Each structure stands twice: as structure tokens, then as C-alpha cells.
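# Breakdown of the fold
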Amino acid sequence: MLHRYLIAEILKLRRSLALMLCVAAPGCVALLGTIIAFDKKAPVNLAAFVMTGPGIWSFVMLPLAITALSVLMAQMEHGSRNWNHLLTLPGARPHVFLAKAIVMLGLVAAMSVLLFLFLLGGAALLSLLHPLGVTGHPDYAALAIRLGLMALSCTLVSMLQLWVALANRSFVVPLVFGIAGTFIGIGTFGATKAAWFPWLLAAGMLSPRPEIQQLGWMLGGIGGAAVMAAMLLHLSRREA
Amino acid sequence: MTAALETHRLTKRFGKGAPAVDAVSLNVPRRAIYGFLGANGAGKTTTLKLVLGLLRADSGTIRLFGEDAAKARTSIGSLIETPSTYDHLTGRQNLDLTRILLGLPRREIDRVLDIVDLRGAGDERVGGYSLGMRQRLGIARALLGNPRLLILDEPTNGLDPDGIRDMRHLLRRLPETGDVTLIVSSHLLSEVEQVATHVGLLHRGRLLVESRLDALLGGIAAVEVDTGDRPRAAMILGGAGFSVRQSEAGNLLVDAEDPAEIAALLVREGQSLSHLARHRPSLEGIYHRHIAQAA
């Protein structure tokens, strides 16, 4: 049965704002980095260029994109009271919410892949068109691994955000939750225990310290799985 | 024959106030068009949500086609509150989502679109649909998989007169599409009166009356009559043993089955008739009488 719910969730995304967001968010980051690089009055170091993208991505754009994505996915159901239909269909209730969670994680992973591809495209554009030329050799393998670990480490935030969005009919609650988490993360970055803060786990992948990176993807991954289980338990038992 | 839906003393309370649904025992026969009536806030939607498993009852039981509701809910199609649609998708794509979840063949979509007369607009985005089209799409979705019990909550809500007429025709047609029982909740009594075979009247969470509609309406046969001299006519009819009241229009309302008998009596006594009609009590009148009795 789960596969049917997964197919339905994927088909719902056709022409949806959620899908547009998944292209626009990484696109904006890559575009911003490329424009800034074009504006430089010196040859562009491509190794540095491809690493500025993950910085903006992990601190600001990824948590905000997850916030918006969770709201858009949940509002698809809340908006027209689709729960009244979905939850009366035969099939285990947890499948409804599990399919949504899996698709959400898939979209976050897809955004990371797109960011990688857009940065690749940006580097190619700079190589071809920058008037002063380019220097350096970007480590694309390291970039791919870093973006992959960021996607894994934000599983916790994704599930927290999705839970809040699905549990509240109003979009304001998850929006405030996500924006507050993002800005508290920015404000507390550098504090001794900041590496444990869910909204900073992805940014931890930029740390030169391996233990911080490990904490990020382990806490993000395992914590995300635990929160997902709790969310399924709560939402499946709830009255519609 | 087992009923399509039976509830026994179904009760649901929100918070500490009066129960939203108070010991409601419904009996919906198979193949009936059951009008579930009551004012806004009477508890109709809550009762239907209990039947559908969207809410949990505090007490009471629900049986569908003789089985425990939890096992038999696969045989229900429903449209609760508002039509649940994805506006960014086409009508056909909306139906396709439910078709996939139910594991049905693709041809089911055309079948239900034909029933609700929406095939021509199936490839248009639902965001551009009128409310009436959305309601019909919601019904089409509820019909996917040929459910044996169809629950429609206020299907005429917000519709214009044309939309209401179309919906009425559709509701009349639905039982012809197969072995289907229809529960239609509404606060529009005159609309339900035109399509229902059975009715249940709900008031403040309690079921006041449940009956076949013809029995309910036919149980109070009367003849409405007017003559040039009403007091004299009333005396003649009273003298002949008929109970006489005044109708809303000011005419005489005689508790009798046969208008010809009343006409013959009055003419024999020299009265000239200016109005004679079989008086059919309206569902609205019956509803208000029961509400008044309950109060």
C-alpha cells in the first residue's frame, strides 16, 4: 500500500509551488554566487566559488526552504480539507504521513543535487565568460559529499518542520517555527553547544573538525528517524 | 435484509459541554436515499465523521452492512464538508490520485466523470471550476470503486439555483448506477424532500425522528378547502365528525383522506367551493413540529 501513497504524493507535486521552490531555492544560491563572482575585478578562484554555495545554503537557504516546503506540502491537504478524504480511504493511516515524509526528504535531497548541478553550471559559465579568467580546480567530489551530508543532517529539522506543518491547519505556526529556528541558529552560531542545535546541523558540515561533522549527520539522521516515528504515531492516532 | 448503516447510541462529546452527538441510533436501509436533516450545528457532520472513522466515538457502536464499521469502511465513498480537491491539478488528475490509492483501473475515471456529467471539463484545472463543478468532482471521487454506501455532507451548500437543480438530478440518478445506498445530510429540507426515501431529523445532537419519508408525510392526510362562508362550512364538517383547523393560507384544513368526500358533503349542504386541494404537509412543517415538541 505504501507505494500507492508514494506515487500519489509524487503526482500531487505536478505544477505545485512546492516543486517550483525545489528548483528556485538552489537556483537562487547558485545564481547569487555566480553574479558576485562575475562582479569581481580579479580572476575567480573556482575552488572557493563552489564552496561559497554550501555556506549560504546550509545557514539560511536550506532551513528556510525546508520551512516553506513543509508548509506548501501540508497546505495542499489542509487548504481544501483533503484529510477528510485521504483518511477515509482504506489503507493504513501511517502510510499517508510516511509517504509525505519520504517525499519531503526526497525533495530535500533533490534540492542538494540541483545545487550541485547549478554550481557546476556556474563554474562552467565563469570559465567561459569571466573577462579576467578563472584559477583553481574545484574538488567536485568533496562538494558532492558535503552537500549529501548536509541533506542527511537536516533530516531532523525536516521532520520537525513537517510534523508542525501537518499538525497545524494554520500555515503561520510552521512558518514562525521555521523562521525562528533559522534565525536563532544564525544568532547562536559559535556558541559552545551550537553544534547540537537542529537548525545548525547542516552548517556543521562546513566545520573543519570531523567530530562536529559526525555529530551533525548522526544527530540529524538518527534524530530525524526518531522524530519521524513519533510524528507517525501522533498523526495517525489523531482525530481529523 | 441487514441495514446499510446501523448505529446504536452513538455519542460524542467535545470538551465539557453538551454532547455534539447524543445517543444517536440510526438505521439506514439498503438502497435508500436517506436525508439526514438538521440545522447547522445539529451534529450531522460529527455523526457522519464518526461513521467514517474520522472521529472516535465516546460510546456506542457502528455497523455497516452487518459488519463492524472498522472492517467495512472500504465500502463507503464520502464527501464531507467541502469538496476536497487539489486546485493545481485537473479534475482527471484529482480522480487519478484516489484511483491509484484504491488500486482501480484507469477506466474508472471516465465512468465516474460520465455519472457526474463532468467528462468535458475533466482536463481543466480544478482551480477554474465553479463550486457546482467541484461538488460534482467530489461526488465523482466518492463514487470511485463503486462504494455500496455513499455519504454526502451538505452537497448543495453554496450552490446557485441551477447548481442545486443539477445536484438534485444527480442524486436521483445515483441509485440507478448500482446497489448503492445514499446518505445526504442537509439543512435544506425542501431539497431533501424532493429526493429522499427516508429521513432522520437531528436536533442538538439527538435523533428526533427517523422514518420513511412517505410515511412521515402521508401520516397526516388533510384536505384544504374554502367556501364563501367559512364558519358555516366549519360547522358542517365538524358536525360530520371531521377535525377542522385553519391552514397557513387561512383556508379550512380538514383531517380527511378524500377531497371528493369533503366536496360532496359541502355541496350537499349548499356551500359553494372556491378552493379544494389535497393538503400535503411539508417536511419543513413536520421538522418544525418535532423541534417544537422537543423543546
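Preceding this paragraph is the structure being described.
These remarks concern the structure in this document. Since the structure is predicted, the reported quantities are computational estimates derived from the model, not experimental observations.

## Observations concerning helix H11 (residues 283–294) of chain B
Residue and element names in this part refer to chain B. End to end, H11 covers 16 Å across twelve residues, agreeing with the expected 16 Å (1.5 Å per residue, within 8%). Turning to H11, its buried residues are Leu283, Ile286, Tyr287, His290 and Ile291. All buried residues of H11 project into a common sector of 135° when viewed along the axis, lining one side. Turned more than 90 degrees from where H11 packs its buried face, Ala292 and Gln293 sit exposed. Looking at the buried side of H11, the elements it contacts are strand E4 (33–37), helix H7 (189–195), strand E10 (198–203), strand E11 (206–212) and helix H8 (213–218).

## Digging into the pairing of strand E8 (residues 149–153) of chain B
Residue and element names in this part refer to chain B. Of all five residues that make up E8, five are buried, and the element is covered over most of its length. Alternating residues of E8 divide into Leu149, Ile151 and Asp153 and Leu150 and Leu152, and every residue in both groups is buried. The pairing of strand E7 (residues 76–79) with E8 spans four bridges and is classified as parallel. Considered in E8, the bridge of Leu79 is made with Leu152.

## Side note on the packing of aromatic side chains
All names here are of chain A. Counted according to the given criterion, the structure contains six aromatic pairs over all chains. Relative to Trp199, the ring of Phe177 lies with its centre 5.3 Å away and its plane at 75°, an arrangement referred to as edge-to-face. Taken together, the residues Phe177 in helix H8 (residues 172–188) and Trp199 in the loop between H8 and helix H9 (210–237) connect sequence positions 22 residues apart. The class for Trp199 is buried, based on a relative accessible area of 9%.

## Side note on the pattern of salt bridges
The tally for this structure, following the rule as stated, stands at 25 salt bridges over all chains. The partner of Lys12 of chain B in a salt bridge is Glu239 of chain A, with the nearest N and O atoms 2.7 Å apart. Taken together, the residues Lys12 of chain B in strand E1 (residues 5–12) and Glu239 of chain A in the segment after H9 connect one chain to another. Of the charged contacts in the structure, one is a salt bridge between Asp255 of chain B and Arg245 of chain B, with a shortest N-O distance of 2.6 Å. Separated by ten residues along the polypeptide, Asp255 of chain B in the loop between strand E14 (252–254) and helix H10 (259–268) and Arg245 of chain B in strand E13 (residues 244–246) bring together distant segments of the chain. With a relative accessible area of 33%, Asp255 of chain B lands in the partly exposed category.

The rules behind the values
Residues numbered from 1 in each chain as written. Chains lettered and ligands numbered in written order. Predicted model: local features only at pLDDT ≥ 70, side-chain atom pairs only at ≥ 80, totals over all residues. Heavy atoms only, no water. Helix = DSSP H or I, 4+ residues; strand = E, 2+ residues; numbered from the N terminus. Expected span 1.5 Å × (residues − 1). Buried < 20%, exposed > 50% of the residue type's maximum accessible area, 1.4 Å probe, protein only. Arc of directions from axis to C-beta. Contact = heavy atoms within 4.5 Å. Pairing = 2+ DSSP bridges. Phe/Tyr/Trp six-rings, centres within 6.5 Å; stacked < 30°, edge-to-face > 60°. Salt bridge = Lys/Arg side-chain N within 4 Å of Asp/Glu carboxyl O.

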